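# Per-entry structural report
Next come the chains, spelled out residue by residue.
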Amino acid sequence: MNYWLMKSEPDAWSWEQQKAKGKAGEEWSGIRNYQARNFMREMKLGDQVFFYHSNKGLEVVGIAEVCALSAPDSTTDDERWDCVHIRALADMPKPVSLKDVKANAKLEEMSLVKSFRLSVQPVLASEWKEVCRMGGIDPKTLKPV
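Residues numbered from 1 in each chain as written. Predicted model: local features only at pLDDT ≥ 70, side-chain atom pairs only at ≥ 80, totals over all residues. Heavy atoms only, no water.

Let us look at the packing of aromatic side chains. According to the stated counting rule, one finds 6 aromatic pairs in the structure shown. On the numbers, 4.6 Å between centres and 25 degrees between planes, the contact of Y3 with W128 is stacked. Here Y3, found in strand β1 (residues 3-8), pairs with W128, found in helix α5 (residues 125-135); they are 125 residues apart in sequence, far enough to count as distant. W128 matches Y3 in its accessibility class, with the two residues each being buried. For the ring pair F50 and W128, a centre distance of 3.8 Å and an interplane angle of 15 degrees mean the geometry is stacked. Note that F50 is positioned in strand β3 (residues 48-53) and W128 in helix α5, a separation of 78 residues in sequence. You'll find F50 and W128 in the same group, each marked buried. Through a chain of ring-to-ring contacts, three or more aromatic side chains come together here, namely Y3, F50 and W128. (Phe/Tyr/Trp six-rings, centres within 6.5 Å; stacked < 30°, edge-to-face > 60°. Helix = DSSP H or I, 4+ residues; strand = E, 2+ residues; numbered from the N terminus. Buried < 20%, exposed > 50% of the residue type's maximum accessible area, 1.4 Å probe, protein only.)

So, in structure tokens, the structure goes:
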């Protein structure tokens, strides 16, 4: 399994809206950055995703999973753009702020710190475990600890 972080402005698409989509999930559309698109093309079914509120909040608020592989983005006729579908799995018991991520020496090389503007980012397994620990969730069961 691979791990990822996907950013959404909560006033455009919030974690609450994502959860409301249930098992069907939602298309992660509108990405117009080649590197972010390429990361989505690498995603596999079941890969887990930190759902990050950008602009307002600046924090990891939940965990989702990839539930449909990369396919053409339905919001454009431009064949260059693809997207995956994700579905919500668990709330982050304690949202993990960007400030806290930056303050944690174990996360100093995390893409969220190094490539802050990129809306879809890979997350190393060690980073995944550390952010889960900080958020009060077991990375294996996705249950609060």
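From this point, the narrative continues.
Of note in this structure, L58 is not a glycine but carries a positive phi near 50 degrees. Locating L58 in the fold gives a position in the loop between β3 and β4 (59-72). Owing to a relative accessible area of 30%, L58 belongs among the partly exposed residues under this scheme. One non-glycine residue with positive phi stands out, namely L142, at about 60 degrees. For L142, a relative accessible area of 14% gives the class buried.

Our next topic: the nonpolar core. The nonpolar side chains of a soluble globular protein tend to be buried, and buried together. In terms of nonpolar packing, the biggest core is built from 21 residues, with L5, F50, V60, I63 and M110 touching the most fellow members. Top contributing element to this core by residue count: α5, with 4 residues. Those residues in contact with I63 that lie beyond four places of it in its chain are W15, V49, F50, A88, L89, A90, M92, W128, C132, I137 and L142. Core analysis: the next-biggest nonpolar cluster, separate from the first, contains 20 residues, M6, I31, M40 and I86 among them. (Core = buried A, V, L, I, M, F, W, Y, C linked by side-chain atoms within 4.5 Å. Contact = heavy atoms within 4.5 Å.)

A few words on the environment of F50. Its relative accessible area of 0% is what places F50 among the buried residues. The spacing of F50 and E65 is 15 residues in sequence and 8.6 Å in space, taken between C-alpha atoms. Sequence-distant contacts of F50, that is, excluding residues within four places in its chain, are made with W4, L5, M6, V60, G62, I63, M92, V123, W128, V131 and C132.

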